Amino acid sequence: MAPEPHPATPATPAAPATADEPPTTAPALATAALPGLPRTLTSRARTLTAAVRKRCADLARIETPSGDAPRLNTLAEELAAGYTATGATATRDSCAHGDHLVLNWPGRHEELPHLLVVGHHDTVWPVGTLADWPVEEQDGRLTGPGILDMKGGLALLEGAFALLADLGQRPHRPVRMIVVSDEEVGSPDGRRLFEQHLRGAAAVLGLEPAHPDGRLKTARRGTARVRLTVTGREAHSGNDAADGISAIDELVDQLVAVRGLTRQPGTELNTGRIGGGTRANVVAGRAEAEIGLRFVTTEAQRRTLDTLAHLTANRPGANVRTEVLSSRPAWPERSANPLLRHVRSLAAALGHHLDGAPAGGAGDTNLAGARGLPTLDGLGAVGAGPHARHEHLRIDQLGPRIALLAALLAVPLPRLR
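Reference entry: report on the structure contained in this document.

About the thresholds
- Residues numbered from 1 in each chain as written.
- Predicted model: local features only at pLDDT ≥ 70, side-chain atom pairs only at ≥ 80, totals over all residues.
- Heavy atoms only, no water.
- 1 Å grid on protein atoms, 1.4 Å probe; cavity = no way out; pocket = protein on both sides within 12 Å on 5 of 7 lines; lining within 4 Å.
- Points joined across faces, edges and corners; volume = space filled by probe spheres on them.
- Helix = DSSP H or I, 4+ residues; strand = E, 2+ residues; numbered from the N terminus.
- Nonpolar A, V, L, I, M, F, W, Y, C, P; charged D, E, K, R; others polar.
- Pairing = 2+ DSSP bridges.
- Contact = heavy atoms within 4.5 Å.
- Axes fitted to C-alpha atoms, helices over the stretch in contact; angles between N-to-C directions.
- Phe/Tyr/Trp six-rings, centres within 6.5 Å; stacked < 30°, edge-to-face > 60°.
- Buried < 20%, exposed > 50% of the residue type's maximum accessible area, 1.4 Å probe, protein only.
- Core = buried A, V, L, I, M, F, W, Y, C linked by side-chain atoms within 4.5 Å.

**What about empty space enclosed by the protein?**
Within this structure, the stated rule accounts for four cavities of 30 Å³ or more. Lining the largest cavity are Val118, Gly119, His120, Met150, Glu183, Gly206, Leu207, Glu208, Gly363, Asp364, Thr365 and Asp377. Here the lining of the largest cavity takes three residues from strand β3 (residues 115-120), the largest share from any one element. Across the lining of the largest cavity, the residue classes tally to three nonpolar, five polar and four charged.

Set out below in structure tokens:
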């Protein structure tokens, strides 16, 4: 059984901007950080593209489904080695389902609050997927299980730090990165670690893939994974059917009723897994289903989870139990977004147009965005098809993303509050 989610703990608000971070434009900040920075980053990122492309492929060839601790730990070791080579110190945070990683890079101004980057190294793909879907390049795309979500993002950040190291540069402020091993199942343990390092962060950046058109993610829906377990009473389905209480029949009726939750504003539901019973001639004594929920607002999330917590059985003698396996709060869109303005300005300095938009999926950045902390996600690879057999990233977008990430690390943040 997956552990109950950790309750949200109040995060220390982001520290106010310091005197070395005047409210000025990104091009001016870029020039101050390193003369000729845009041209230098763009040129150097272009030369690094081949190495980062190979790194994306190599990481994707290490299959890491959620819960497979040996494989996840193998990749954690590989990632730690790669990031350490760019100047990070790496520590492993032990977890029975696969270790998490904590990386720290020193900044030029160690007294400033840290920039927090969040990623994950688990995927939704089972071991053996590579046997009939190998990592390969086709028509300017790199395809393979987990290549976009999010082996590509992990490789891009490594490339950005390698770029700065090659230039003899360090990030402007300390950078901390959390790579969790259970994001694809809602971060039931990783949430604890993320919230620990969220305290005092100046801003939070997520390495999830961008929107297919390259836009960043400025808001996310809330989510929850809920398990419904029904117990009944077994009996011979021919001789003693009246003595039995079918857990499967009860579960089916409950799921039909639960589907009605989607008529409430702001709630979406998907029954993703169902099972129960033993044989066709035995009245099922147990059945369960796992439900995925998405919420536009915190109020919709509270209302829906409260309804599920108070389900009662239709059949005398049956029992219905609800478990919230993991949950993430809704991260609402905000009218003013100085962090997005900063990143858009940096992209413009590098010669690219970039914008942001809300996303339908959820991630660990929900926890920061929901609290009003300066947060952006979608800074990973550009492509399409996460969690689908056409998952791929665009090779031509690797260079621009490396340069953008390097600029974000090197250039001082403006006032974000």
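**Considerations on the sheet that holds strand β1 (residues 89-93)**
In space, the six strands of this open sheet follow the order β1-β2-β6-β3-β7-β14, with mixed pairing throughout. Two strands lie at the open edges of the sheet, namely β1 and β14 (375-376), each paired on one side alone. Strand direction decides the pairing type here: strand β7 (residues 203-206) and β14, joined by two bridges, are parallel. In the strand pairing of β14, Val204 is matched with Thr375. Running at roughly 145° to β3, helix α5 (residues 147-166) makes contact with β2 (100-105), β3 and β6 (175-180) of the sheet.

**Looking at the packing of aromatic side chains**
Applying the stated criterion across every chain, the model contains three aromatic pairs. Between Tyr83 and Trp105, the aromatic rings sit 5.7 Å apart at their centres with planes inclined by 85°, giving edge-to-face as the arrangement. Within this pair, whereas Tyr83 is found in helix α3 (residues 69-84), its partner Trp105 is found in strand β2, the two being separated by 22 residues in sequence. Just as Tyr83 is buried, Trp105 falls in that class too. Judged by centre distance (3.8 Å) and plane angle (5°), the ring pair of Trp105 and Phe161 falls under stacked. Here the residue Trp105 occupies a position in strand β2, and Phe161 occupies one in helix α5, the gap between them amounting to 56 residues. Here Trp105 falls in the buried class, since its relative accessible area comes to 3%. Clustering of aromatic rings is evident, with ring pairs tying together Tyr83, Trp105 and Phe161.

**Examining the nonpolar core**
One finds Trp105, Met177 and Leu393 to be the most contacted residues of the largest nonpolar core, which totals 67 residues. Counting residues per element, this core draws most heavily on α5, which supplies 11 residues. Excluding its chain neighbours within four sequence positions, the residues that come into contact with Met177 are Tyr83, Leu101, Val102, Leu103, Trp105, Val117, Leu154, Leu157 and Leu207.

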